[in-house]
Amino acid sequence: MKKGEIYQGIIEKVDFPNKGRVCLEEGKVTVKNGIPGQKVRFVINKKKGRKVEGRLLEVLEKSPLETREPVCSIFPACGGCMYQTMPYEEQLKMKAEQVKELLDEAIVKGGQTDENGRPDYLFQGIKGSPQEFAYRNKMEFSFGDEYKDGPLSLGLHKKGSTYDVLNALDCKLVHEDMTKILGCVLEYCRERGFTYYHKMQHTGFLRHLLLRRGNTTGEILVNLVTTSQEEPDLSELTKRLLDLSLEGKIVGILHIINDGLSDMVRSDETRLLYGKDYFYEEILGLKFKITPFSFFQPNSYAAQVLYNTAREYIGDTRDMTVFDLYSGTGTISQILAEVAKEVIGVEIVEEAVEAAKENAALNGITNCRFIAGDVLKVLDQVEEKPDFIVLDPPRDGIHPKALPKIIQYGVDKLVYISCKPTSLARDLEMFLANGYRVEKVCCVDQFCQTVHVETVCLLSNRKPKPDTHVDLTLDMEDYYRIKDQEKQSNR
């Protein structure tokens, strides 16, 4: 097989997150963004040794798993979700199998096996979201065009494209309130003849529409993100938005100026056009104040399932000092505070830490302390020693140099909440090599119709085996480099 050649075949299986396996006479090919059982046409776009990757061109035949009709007009071109034509039960089954396969491999490699050499831990399957559609409480829509020099569009990128933007006027991942607001903003911007920001030329005005809506409160925050290249009067847009007939209520409209070169949504300056710059959401009887850039679980319905699962795994923390590392806006910290002596949350985003402090005060919680800073550095400064640790890192997992510091506390138990199971599997190798054991794992689907899934893992400490102990003074980046070299040699 050579780059540029076109083939067709059947996707036999999909590995996390979206890596479809196609087996041909010429060899195996990874084709992303497909569904098991689909017959697809693809072009070879990457080849390194025996690793061959193809880019999906066309679905020639549906999968037997696709028994539902699409619910939105831009499927399957849109990259927002992939699995809406699969019954939800099949989505859950596939995600659970993907995670179990990843963790089984890591746990066997770590030597945690039964007498038959099988991974020795309890895998408790997957819990679905209470609401399959209209669940997202946050959405970043992009301005652009559907094709070069086409009319202004506002929505989500085409699958596999960083430029073409499809109008998401009937996106089913969000509440109808959000699509009404999107339609209103798009119509106004077209009327005014605003240009969108061109990432290569760095010219243009419109960048993103960031919408946040409390699933339990119905409060909505509208954030129009633009460059400073124009200075229009947006009072008419504000009036139109407030005149919309919505189930919820707009509590704030903000104009965010972002002149950064990257496509990331951020603020150089925030101008309040109406109301306030925050809204409230409620989870498990607690109230949370959320600002435009606060980290908060994107599916409040499934977040309650996730946190209940985590609370069950954590168990009794009475009279304990708990470290909540990568604490975000302090949701887990406050859930645990009721039965802990003290909870110390560490989070690198200062705005999230300030929100966590406000939320704790709002809920009358006095035994939570939140520290702004990198976990890697903060752990060297905190004098307290934890009795229990909760980890909820970003997608890339725990920083390689922070891992040994966490392990050296030697807590009897810890809970690792992961939004990317490949990162969890990688980090588990280090925990297992240093005396920890995986007790049980449960997945929670917060991202219905998409490739993503959350995983909750309970680890317990055990006496380390001399032949598996890794010197914690070893630079962790060197450790992972050595592991990668071992994998290459095994191939």
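Quick note: structure is the one above.
All values reported here derive from a predicted model rather than from experimental measurement.

Chemist: Sorry if this is basic, but what is going on with the sheet that holds strand S3 (residues 27–32) here?
Modeler: Either a parallel or an antiparallel arrangement is found when strands of a sheet pair, and the pairing is made through backbone hydrogen bonds. On the basis of which strands lie adjacent, the closed barrel formed by five strands has the order S1-S2-S3-S5-S4 and mixed pairing. Taking each pair of neighbouring strands and ignoring which way they run, the sheet shows an average axis angle of 50°. Relative to strand S5 (residues 51–61), strand S4 (residues 39–48) runs antiparallel, the two being bridged by nine bridges. Residue Lys46 lies in a different strand from S5, and its bridge partner there is Glu53.

Chemist: Which parts of the structure should I look at to understand the packing of helix H1 (residues 88–109) against helix H9 (residues 421–433)?
Modeler: Where H1 meets H9, the axes come as close as 9 Å, and the angle between the chain directions of the two elements is 15°. In terms of orientation, H1 lies roughly parallel with respect to H9. As H1 packs across H9, the resulting crossing turns out to be right-handed. Contacts between H1 and H9 pair Val99, Leu102, Leu103, Ala106, Ile107 and Lys109 from the former with Pro421, Thr422, Leu424, Ala425, Leu428, Glu429 and Leu432 from the latter. Across the contact of H1 with H9, the residue classes break down as 10 nonpolar, one polar and two charged.

Chemist: Mind showing me how you'd approach the packing of aromatic side chains here?
Modeler: Any pair of aromatic rings gets described here by the distance separating the centres and the angle formed by the planes. In this structure the tally under the stated criterion is seven aromatic pairs. Look at Phe323 and Tyr409: their rings are 5.6 Å apart centre to centre, the planes differ by 85°, and that puts the pair in the edge-to-face class. Taken as a pair, Phe323 in strand S16 (residues 321–325) and Tyr409 in the loop between helix H8 (403–408) and strand S20 (413–418) lie far apart in primary sequence, 86 residues in all. Pair check on accessibility: Phe323 and Tyr409 agree, each one buried. Taken together through their ring pairs, the aromatic side chains of Tyr188, Phe194 and Phe205 make up a single cluster. In this structure, Lys199 packs its charged tip against the face of Tyr163, placed 5.2 Å from the ring centre. A cation sits over an aromatic face here: Lys287 above Tyr280, 4.7 Å from the ring centre.

Chemist: What is the right way to read the environment of Thr216 from this model?
Modeler: As for its position among the elements, Thr216 is in the loop between strand S10 (206–213) and strand S11 (219–226). Measuring from C-alpha to C-alpha, the distance between Thr216 and Ser228 comes to 35 Å, with 12 residues separating the pair along the chain. Excluding residues that lie within four positions of it along the chain, Thr216 makes contacts with Glu281 and Glu282. Here Glu281 takes part through its side chain, which lies 2.3 Å from a polar atom of the side chain of Thr216.

Parameters and conventions
- Residues numbered from 1 in each chain as written.
- Predicted model: local features only at pLDDT ≥ 70, side-chain atom pairs only at ≥ 80, totals over all residues.
- Heavy atoms only, no water.
- Pairing = 2+ DSSP bridges.
- Helix = DSSP H or I, 4+ residues; strand = E, 2+ residues; numbered from the N terminus.
- Axes fitted to C-alpha atoms, helices over the stretch in contact; angles between N-to-C directions.
- Parallel < 35°, antiparallel > 145°, perpendicular 65-115°, else oblique.
- Left-handed = near helix turned anticlockwise from the far one by under 90°.
- Contact = heavy atoms within 4.5 Å.
- Nonpolar A, V, L, I, M, F, W, Y, C, P; charged D, E, K, R; others polar.
- Phe/Tyr/Trp six-rings, centres within 6.5 Å; stacked < 30°, edge-to-face > 60°.
- Buried < 20%, exposed > 50% of the residue type's maximum accessible area, 1.4 Å probe, protein only.
- Lys NZ or Arg CZ within 6 Å of the ring centre and 35° of its normal.
- Polar contact = N/O pair within 3.5 Å; in protein donor to acceptor, adjacent residues only side chain to side chain.

None of the figures reported here should be taken as evidence of function without further support.
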